[in-house]
Amino acid sequence: MIFVRRIIVVSLLFNFLLLGACSTSKIIQKKVDTLYSSASDNHFTGIMLFDPDKKDTIVSYNSAKYFTPASNTKIFTLYTALKLLPPKVPSFKYLISKDTLIVTGTGDPSFFHPIFKDSSAFNYIKNFKHLAVYLDNYYDPAFGPGWAWEDYDLSFSPERNSFPLYGNVVTIFKDPNFGIYPDYFSSTVLVRSNKTNREKSENIFYFPPERKDTLYVPFITKDSIVLGLLEGIFKKKINHLNRLPAGKLETFFGSSRDSLAKEMMQKSDNFLAEQILIMGSSTISDSLSSKKTIDYMLDNYLNDLKQSPRWVDGSGLSRYNLFSPESLVNVLYRMYTEYDEGRLFSLFAVGGESGTLKEWYVSSTDPYIYAKTGSLGNNHCLSGYLKTDSGKILLFSIMNNHFRQTPSEIKERMQEFLAFVKVKY
């Protein structure tokens, strides 16, 4: 009799917990309906909210439909970095012939980058009396498919190449004294106002005399420019090779993969994202191509996605990209189950604390949002991890496309929803 009573109690408790969980999900779903099902909304929204411990979908609202992801694309690029790149990224590949070092690029974006201070590649190369460079191993155009052509002179749109230097941008600053970095471009920086920061087809730059803050302008990365910059760095003549000599290429490993990934994710750095995809191809082939990396990831690590994405670049600058909230949550789940939580969350922008989320999702206690933003004109997305007050970790993706409201209105609605989930779940 006692045994039967225990069974009844356990059964009632289980049903109570199950009803409680169902009730919570219904409350959250009702909140979604209130916020996003209004007839006054004339744009498109997709939401997926997922409990990874229970493997349970809490909210699925247009989650299988395709959206323009903008910089949420970088979540796929992050997963690529974690899968294909070693802890120290491949800085270059090389052969040694007597006193000559023969170098070919891997796409490593950190060489003389103003943010990264790793000098191991420079210290290794400078010890050789003669240096030869092969630059014809890169097969993508300088700009990604679907990028806006008029952004060529803006800081967020540097060119892609096999041997990036200085972040592929010219830094021009006025205070305390007028300066140009690298000084290779000093003779082509003109202090005058102009409609653009640079001529479209040549490296002639403009710095308005009334400007007070620093200006960052992408430069054209043709081979002669790369060679000129390298000769300025190493203070020696560099031989440009048309083909590589026979022999096995060795790889020199330099900067920290996680440092590059963290800067890409927290600051939404498009240049780093693009070059990370290019570096990925250096680990699977001798030819560099972001498309090669994308195809490899989709064929080998992401071939079971229910909505296979249209994935064309690393940064999300292209409007050709198409991802579903469900696919983004799927990749977030893979990373959550495959990597240490603390390390993984440290790579993302933190609500109220860092990166593109510093001014949003502020908490009076501990941070609760670790996520990646994605913004293009009339589009804003957010995907990542949410810590609830009960200690649960939830995965989410909210994608908003084609709105005519201000981005702040869209963000406020997202913030209201995620703060609600934080308390209720």
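Residues numbered from 1 in each chain as written. Predicted model: local features only at pLDDT ≥ 70, side-chain atom pairs only at ≥ 80, totals over all residues. Heavy atoms only, no water.

Asks: Help me get a handle on the packing of helix H6 (residues 270-282) against helix H7 (residues 290-300), residues and values and all.
Replies: Put simply, H6 and H7 touch, their axes get as near as 7 Å, and they point 75° apart. On the basis of their axis angle, the class for H6 and H7 is roughly perpendicular. Contacts between H6 and H7 involve Leu 277, Ile 278, Gly 280 and Ser 281 on the former and, on the latter, Ser 290, Lys 292, Thr 293 and Ile 294. (Axes fitted to C-alpha atoms, helices over the stretch in contact; angles between N-to-C directions. Helix = DSSP H or I, 4+ residues; strand = E, 2+ residues; numbered from the N terminus. Parallel < 35°, antiparallel > 145°, perpendicular 65-115°, else oblique. Contact = heavy atoms within 4.5 Å.)

Asks: Describe the packing of aromatic side chains, naming the residues involved and giving the relevant values.
Replies: This model, assessed by the stated rule, comprises 27 aromatic pairs. When the centroid spacing of 6.3 Å and the interplanar angle of 35° are considered together, the rings of Phe 92 and Tyr 124 count as tilted. Placement of Phe 92 in strand S3 (residues 88-97) and of Tyr 124 in helix H3 (residues 120-125) is noted, with a sequence separation of 32 residues between them. Of note, Arg 160 hangs over the ring of Trp 147, and the distance from its end group to the ring centre comes to 5.5 Å. (Phe/Tyr/Trp six-rings, centres within 6.5 Å; stacked < 30°, edge-to-face > 60°. Lys NZ or Arg CZ within 6 Å of the ring centre and 35° of its normal.)

Asks: How would you explain the sheet that holds strand S15 (residues 379-387) if you had to name every residue and give the values?
Replies: Overall, antiparallel pairing links the 6 strands, which are arranged S2-S1-S16-S15-S14-S13 in an open sheet. Strands at the two margins of the open sheet, each flanked by one partner only, are strand S2 (56-61) and strand S13 (349-350). Relative to strand S16 (residues 393-401), S15 runs antiparallel, the two being bridged by 9 bridges. Looking at the pairing, Leu 382 lines up with Ile 398 of S16. The strands that helix H8 (residues 325-338) touches are strand S1 (44-51), S15 and S16; relative to S16, the one it contacts most, it runs at about 150°. (Pairing = 2+ DSSP bridges.)

Asks: Explain the side chain of Asn 270 to me, and be specific about the residues and the numbers.
Replies: Position of Asn 270 relative to the elements: it lies in helix H6. A polar contact of 2.8 Å, which involves the side chain of Asn 270, links it to the side chain of Lys 74. With near-sequence residues (within four places) excluded, Asn 270 lies in contact with Ser 71, Lys 74, Phe 156, Ser 315 and Leu 317. (Polar contact = N/O pair within 3.5 Å; in protein donor to acceptor, adjacent residues only side chain to side chain.)

Asks: Would you mind going over the packing of helix H5 (residues 257-267) against H6 in detail, with residue names and values included?
Replies: Running from amino to carboxyl end, H5 crosses H6 at an angle of 140°, the nearest separation of the two axes being 9 Å. Relative to H6, the element H5 is oriented oblique. Here the hand of the crossing between H5 and H6 comes out left-handed. For the pair H5 and H6, the contacting residues are Leu 260, Glu 263 and Met 264 in the first and Leu 272, Ala 273, Ile 276 and Met 279 in the second. Of the residues that constitute the contact of H5 with H6, the class distribution is 6 nonpolar, no polar and 1 charged. (Left-handed = near helix turned anticlockwise from the far one by under 90°. Nonpolar A, V, L, I, M, F, W, Y, C, P; charged D, E, K, R; others polar.)

Asks: Could you give an account of the pairing of S15, with specific residues and numbers?
Replies: With 8 of 9 residues buried, S15 lies mostly within the body of the structure. Pairing analysis gives 8 bridges linking strand S14 (residues 369-376) to S15, with the strands arranged antiparallel. Bridge assignment links Leu 376 to a residue of S15, and that residue is Asn 379. What sits between S14 and S15 in their antiparallel hairpin is a turn of 2 residues, with Asn 378 showing a positive phi close to 70°. A loop of 5 residues connects S15 with S16, the two strands running antiparallel in sequence, and Gly 391 in this loop sits at a positive phi of about 95°. (Buried < 20%, exposed > 50% of the residue type's maximum accessible area, 1.4 Å probe, protein only.)

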